[in-house]
Amino acid sequence: MSLEDLRSYHVETERDEQVLRQLNRLLKKDANGNPIPEPIRFTGNLETRGVAIIEASGGGKTTAVNRVLSRHPALKARPGEDWARYIRIQVPSPATLKSLGREVLAATGLTEVSQRLTAWEIWRLVRHRLALLGIVVLWFDEAHDMFLSGSAREIDDMLKMLKSLMQNDSAVILILSGTERLSEITSYDPQVNRRFTKVVPGPLVPGVDDADLLALIERFCSDVGLKLANENCLTDRLIHASRRRFGRAVEVILNAIEYALEEDSSDLTCSHFAVAWGMQEGCDWDNNVFAVGDWAALELDASAEDFEAQRTERQARQVGKR
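Residues numbered from 1 in each chain as written. Predicted model: local features only at pLDDT ≥ 70, side-chain atom pairs only at ≥ 80, totals over all residues. Heavy atoms only, no water.

### A look at the overall build of the protein
Line of reasoning, step 1. Along its length, the protein carries 13 helices and 9 strands.
Line of reasoning, step 2. In terms of overall dimensions, the protein has C-alpha extents of about 60 × 50 × 35 Å along its principal axes.
Line of reasoning, step 3. Within the protein, the proportion of its 322 residues that are buried is 47%.
Line of reasoning, step 4. In the protein, the share of contacts with a sequence separation of at least 24, taken over all contacts with a separation of at least 6, comes to 70%.
Line of reasoning, step 5. When the accessible surface of the protein is split by element, carbon and sulfur atoms take 47% of a total near 15900 Å².
Line of reasoning, step 6. Taking the average location of the 40 positive side-chain charges in the protein and that of its 48 negative ones, the two points are 12 Å from each other. (Helix = DSSP H or I, 4+ residues; strand = E, 2+ residues; numbered from the N terminus. Buried < 20%, exposed > 50% of the residue type's maximum accessible area, 1.4 Å probe, protein only. Contact = heavy atoms within 4.5 Å. Areas by Shrake-Rupley, 256 points an atom, 1.4 Å probe, with all protein chains shown as cover. Lys, Arg positive; Asp, Glu negative; His and termini not counted. Charge placed at Lys NZ, Arg CZ, Asp CG, Glu CD.)

The following block contains the structure:
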């Protein structure tokens with residue numbers, strides 16, 4: 001197996017199972033209990049529901065949701081059709097009602113939209129296109145970026161738009177995936193909040209996830225012809241270096257393996273992790289989790305997402321005062 005093959009390999013985790021379980025809860029079933037491409041209706045058969053997957057950046061939520069949707073038998077394209085029954089939208093940052101609506105329309109194949117249309121005219125057209133194509137699930141990835149405008153009114157309008165997508169004859173199942181900021185915003189609107197089941201994967205925990213991570217590293221090494229050297233506290237260092245996020249941990253492992261292969265090394269060592277992680281982080285050797293003895297005392301720098309989280313929290317307070 002090549003490194004490229006390894007990078008395309010999906011490691012199934014509990015989050016995959018959680019996302020699939022919650023999605024299946026929202027789909028109608030046939031006589032044999034198999035999900036069909038039709039949403040269950042709630043509140044007197046008037047509206048659908050959604051799922052919010054909330055996890056820090058680098059946790060692996062996008063990969064998990066994409067895996068579940070792309071492999072779900074009820075969401076595959078019907079015979080003679082070229083489109084699946086779901087659409088993924090990468091939310092632009094920052095997003096406005098108009099720009100987001102245009103992204104959805106483009107995903108349905110409608111790219112020529114009059115600039116004179118108002119936001120709500122665009123979204124009426126969105127609902128028409130979704131119904132026309134038989135779309136069952138609409139997935140907004142990086143959904144927290146829907147609420148970065150800084151305007152309490154714009155955020156309020158975004159929340160109203162989400163509710164409208166789950167109402168009336170063209171209602172779809174919504175999936176929102178994003179960081180903790182997503183939870184902070186949606187919780188300010190009880191009507192939106194109650195419509196979404198929350199999937200919140202837990203972080204990696206030293207002493208709990210070490211064995212699974214070690215097995216994963218050994219399997220990857222075996223696939224590319226490497227042997228894992230016996231290194232002290234490697235998995236604990238890895239958990240700390242990845243900010244306890246599974247997706248980041250996998251990325252660090254693959255980068256270390258790549259460096260070992262480039263060196264024509266027969267063993268994967270902690271030094272390979274140190275070089276790969278140091279290049280990614282841009283840190284010096286004295287602040288490298290994989291190079292120093294007192295690695296647990298290293299405080300990793302706050303990321304850009306932490307800054308954005310603080311800004312969004314201030315915006316959420318504004319919404320809460322409306």
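The discussion continues.
### Things to note about the pairing of strand 6 (residues 173–178)
Line of reasoning, step 1. Within strand 6, 6 of the 6 residues are buried, which leaves it mostly tucked inside the rest of the structure.
Line of reasoning, step 2. Looking at chain direction, strand 3 (residues 50–54) and strand 6 are connected through 5 bridges and run parallel. Considered in strand 6, the bridge of isoleucine 54 is made with glycine 178. (Pairing = 2+ DSSP bridges.)

### Things to note about helix 10 (residues 234–241)
Line of reasoning, step 1. Within helix 10, 6 of the 8 residues are buried, which leaves it mostly tucked inside the rest of the structure.
Line of reasoning, step 2. Those residues of helix 10 that are buried are in contact with helix 9 (210–224), strand 8 (227–228), helix 11 (246–262) and helix 12 (270–281).

### Observations regarding the side chain of lysine 61
Line of reasoning, step 1. Turning to its location among the elements, lysine 61 is positioned in helix 3 (residues 61–71).
Line of reasoning, step 2. No salt bridge is formed by the buried lysine 61, whose closest oppositely charged neighbour, glutamate 55, lies at an N-O distance of 5.3 Å.
Line of reasoning, step 3. When residues no more than four places from it in sequence are discounted, the contact partners of lysine 61 are Arg15, Ile53, Glu55, Ala56, Ser177, Gly178 and Thr179. (Salt bridge = Lys/Arg side-chain N within 4 Å of Asp/Glu carboxyl O.)

### What to know about the packing of aromatic side chains
How two aromatic rings sit relative to each other is set out by the distance from centre to centre and by the angle between their planes.
Line of reasoning, step 1. In total, this model carries 3 aromatic pairs according to the counting rule given.
Line of reasoning, step 2. Here tyrosine 9 and phenylalanine 220 contribute two aromatic rings whose centre-to-centre distance is 6.5 Å and whose plane-to-plane angle is 90 degrees, an arrangement assigned as edge-to-face. Taken together, the residues span a long stretch of sequence, with tyrosine 9 in the loop between helix 1 (3–8) and helix 2 (14–25) and phenylalanine 220 in helix 9 at a distance of 211 residues.
Line of reasoning, step 3. Given a relative accessible area of 41%, tyrosine 9 falls into the partly exposed group.
Line of reasoning, step 4. With relative accessibility at 1%, the residue phenylalanine 220 sits in the buried group.
Line of reasoning, step 5. Ring pairing ties together the aromatic residues Phe273, Trp277 and Phe290, which thus form one cluster.
Line of reasoning, step 6. Looking at arginine 88, its charged tip hangs above the ring of tryptophan 139, at a distance of 5.3 Å from the centre. (Phe/Tyr/Trp six-rings, centres within 6.5 Å; stacked < 30°, edge-to-face > 60°. Lys NZ or Arg CZ within 6 Å of the ring centre and 35° of its normal.)

### A look at helix 11
Working note: α-helix, 3.6 residues per turn, so residues spaced by three or four point in the same direction.
Line of reasoning, step 1. Between its first and last C-alpha atoms helix 11 spans 25 Å; for 17 residues at 1.5 Å apiece the expected length is 24 Å, and the two agree.
Line of reasoning, step 2. For helix 11, the set of buried residues is Phe246, Ala249, Val250, Val252, Ile253, Leu254, Asn255, Ala256, Ile257 and Ala260.
Line of reasoning, step 3. Where helix 11 is buried, its residues contact helix 1, helix 2, helix 9, helix 10, strand 9 (267–268) and helix 12. (Expected span 1.5 Å × (residues − 1).)

### Quick word on the nonpolar core
Line of reasoning, step 1. If you look at the biggest cluster of nonpolar residues, it comprises 37 residues, and the most contacted ones within it are Leu138, Phe140 and Met146.
Line of reasoning, step 2. Apart from the residues within four sequence positions on either side, methionine 146 is in contact with Val91, Ala95, Leu100, Phe140, Met158, Met161 and Leu162.
Line of reasoning, step 3. Ranked by size, the runner-up nonpolar core spans 36 residues in total, among them Ile217, Phe220, Cys221 and Ile239. (Core = buried A, V, L, I, M, F, W, Y, C linked by side-chain atoms within 4.5 Å.)

### Brief notes about the packing of helix 9 against helix 10
For any two helices packed against each other, one specifies the crossing angle of their axes together with the interaxial distance.
Line of reasoning, step 1. Interhelical geometry of helix 9 versus helix 10 gives an angle of 100 degrees and a closest axis separation of 9 Å. The orientation of helix 9 relative to helix 10 falls into the category roughly perpendicular. Residue-level inspection shows Asp210, Leu213, Leu214 and Ile217 of helix 9 in contact with helix 10, the latter providing Leu234, Thr235, Asp236, Leu238 and Ile239.
Line of reasoning, step 2. Its residues placed into classes, the contact of helix 9 with helix 10 shows 6 nonpolar, 1 polar and 2 charged. (Axes fitted to C-alpha atoms, helices over the stretch in contact; angles between N-to-C directions. Parallel < 35°, antiparallel > 145°, perpendicular 65-115°, else oblique. Nonpolar A, V, L, I, M, F, W, Y, C, P; charged D, E, K, R; others polar.)

### A look at the pattern of salt bridges
Line of reasoning, step 1. Inspection of the entire model under this criterion finds 13 salt bridges.
Line of reasoning, step 2. Arginine 88 is the partner of aspartate 141 in a salt bridge, and the nearest nitrogen-oxygen pair spans 2.9 Å. In this pair, aspartate 141 sits in strand 5 (residues 137–141) while arginine 88 sits in strand 4 (residues 86–90), placing the two residues 53 residues apart along the sequence.
Line of reasoning, step 3. Accessibility expressed as a relative area gives 36% for arginine 88, which makes it partly exposed.

### Considerations on the sheet that holds strand 4
Line of reasoning, step 1. Across the sheet, which stays open at both edges, the 5 strands sit in the order 4-5-6-3-7 with parallel pairing between neighbours. The sheet terminates laterally at strand 4 and strand 7 (196–199), the two strands that pair on one side only. Put simply, the sheet's adjacent strands are angled 15 degrees from each other on average, direction ignored.
Line of reasoning, step 2. In this sheet, strand 5 lies alongside strand 4 in parallel orientation, the contact comprising 5 bridges.

These figures capture arrangement, not role.
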